[in-house]
Amino acid sequence: MNETTPQEYVLGLLDKDDDVAFEHLLKSQAIHQKETAEWSLMVAQLMASKTDARTPPKWLWARIERQITAQAQAVEAASQWGWRMVAAVLAMVGLVVAIGITVPKTQPFSGHHAVVLALTETGAPAWQVQGNFKENALKIVVTRSGQVAAGRAPVLWLVTVSGQTIAVGRLPTQVGQTLRVSPALWQGNMQAAKLAISLEPAQASIGNKPQGPVVLIGAWQPVPAAT
C-alpha cells in the first residue's frame, strides 16, 4: 500500500489488498481514524445536498418498529463495530436524511381504547392492550406475571371483520413489561378489528394465521377520560 489516503478508502477506490491494509492501519493510528471519520461525514453531507427528500410509506416505519422490538427482546451481547462500519454508517447518514427517514422523537403514547386479555389457567399471565387508531399503534402492558404451557408462546393477533388475521407478535409474560408496536402489514380500520391470543409452538416462526389454539378473543372498550 503506497500513500493510501482516507479519501480513497471512503470513496471505495482501493483494491481488495489495499482496502484490508488500510483497515488494519486504522486500528492503530488515531490520526487516520479521525481523518476517515471526517471524510465519511463530508461525503454524507454532499450526498444529502444532491438528493431530493422523500416521505417514507407507513409500512416502512411499521417494519422498522417491529425490528426494533424484536431486537430489544433478544438477549444478545451488543456487537462490536469496526471503523469500517463507522465509516459506512456516517456515509449512510446522508442517504437517510435525503429520503426523509429521520428517527421521530419519542412521544407519550395516547390510547383511547383498550382490551384486557387474561389466560384463565392458574398462574397464567394477563395483559392490557391499548390502541391508538390514528397512528395504528398498540401499547401492550403485562398486568400479571405468569407462565403458559410448556413449549408454547402467547402470540397477539388482530382479526378483521372478514376474519383475516394479522400477527402483532409474541407477548411478554413478566409484570411491568411494556411493548409499543405498529403491525407491519396493517392497513385497515384497527378500531373495527378484534384482538386474539393463540398459543404457538415456541420455536416456530409466526405465519399469517395461528397454528396453535386460539384461547382468547377480545373487543375494544373505550378508556374513561381522566378527570
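Residues numbered from 1 in each chain as written. Predicted model: local features only at pLDDT ≥ 70, side-chain atom pairs only at ≥ 80, totals over all residues. Heavy atoms only, no water.

> Quick one: what's the story with helix α2 (residues 16-26), residue by residue and with numbers?
Of all the positions in α2, only Asp 19, Phe 22, Leu 25 and Leu 26 are classed as buried. Looking straight down α2, one finds that the buried residues subtend no more than 120° of arc, so they occupy a single side. Set apart from the buried face of α2 by more than 90 degrees, the exposed residues are Lys 16, Asp 17 and His 24. (Buried < 20%, exposed > 50% of the residue type's maximum accessible area, 1.4 Å probe, protein only. Helix = DSSP H or I, 4+ residues; strand = E, 2+ residues; numbered from the N terminus. Arc of directions from axis to C-beta.)

> Residue-level account of the sheet that holds strand β4 (residues 152-159), with values.
Pairing is antiparallel across the open sheet formed by four strands, whose spatial order is β5-β4-β7-β8. Strands with a single pairing partner mark the edges of an open sheet, and in this sheet they are β5 (165-170) and β8 (214-218). Put simply, the sheet's adjacent strands are angled 25° from each other on average, direction ignored. As judged from the five bridges shared by β4 and β5, these two strands associate in the antiparallel manner. (Pairing = 2+ DSSP bridges. Axes fitted to C-alpha atoms, helices over the stretch in contact; angles between N-to-C directions.)

> Lay out the packing of aromatic side chains in plain terms, naming residues and giving numbers.
The tally for this structure, following the rule as stated, stands at two aromatic pairs. For the ring pair Phe 133 and Trp 220, a centre distance of 5.2 Å and an interplane angle of 80° mean the geometry is edge-to-face. In this pair, Phe 133 sits in the loop between β2 (126-132) and β3 (137-144) while Trp 220 sits in the loop between β8 and β9 (221-222), placing the two residues 87 residues apart along the sequence. A relative accessible area of 10% means that Trp 220 is categorised as buried. (Phe/Tyr/Trp six-rings, centres within 6.5 Å; stacked < 30°, edge-to-face > 60°.)

> How would you sum up the nonpolar core? Please name residues and give values.
Counting 23 residues, the largest nonpolar core has Leu 117, Trp 127, Val 129, Ile 140, Leu 156 and Leu 195 as its most contacted members. Ignoring sequence-local partners within four residues, the contact set of Leu 117 consists of Ala 126, Trp 127, Val 129, Leu 156, Leu 195, Ile 197, Leu 216 and Gly 218. Tyr 9, Leu 14, Phe 22 and Leu 26 belong to the second largest nonpolar core, which has five residues in total. (Core = buried A, V, L, I, M, F, W, Y, C linked by side-chain atoms within 4.5 Å. Contact = heavy atoms within 4.5 Å.)

> Lay out the sheet that holds strand β1 (residues 113-118) with the relevant residues and their values.
Overall, antiparallel pairing links the five strands, which are arranged β6-β3-β2-β1-β9 in an open sheet. The sheet terminates laterally at β6 (178-181) and β9, the two strands that pair on one side only. When β1 meets β2, the two strands line up antiparallel, connected through six bridges. In the sheet register, Val 115 faces β2, and the bridge partner there is Val 129.

> Pulling in residues and values, what's your account of the environment of Lys 139?
Turning to its location among the elements, Lys 139 is positioned in strand β3. Ignoring anything within four residues of it in the chain, the contact list for Lys 139 reads Phe 109, Gln 128, Val 129, Gln 130, Thr 178, Leu 179 and Arg 180.

> Give a description of the pairing of β3 that names residues and reports values.
Sheet topology places β2 next to β3; seven bridges connect them, and they run antiparallel. Paired with Gln 128 across the bridge in β3 is Val 141. Counting the residues that bridge the hairpin from β2 to β3 gives four residues, and of these Asn 136 lies at a positive phi of roughly 55°.

> Go over the pairing of β6 with me, naming the residues and quoting the values.
Side-chain alternation along β6 places Leu 179 and Val 181 on a buried face and Thr 178 and Arg 180 on a face that remains uncovered. One ladder, built from four bridges, connects β3 with β6; its direction is antiparallel. Counterpart to Leu 138 in the pairing with β6 is Val 181.

Keep in mind these numbers describe shape, not what the thing actually does.
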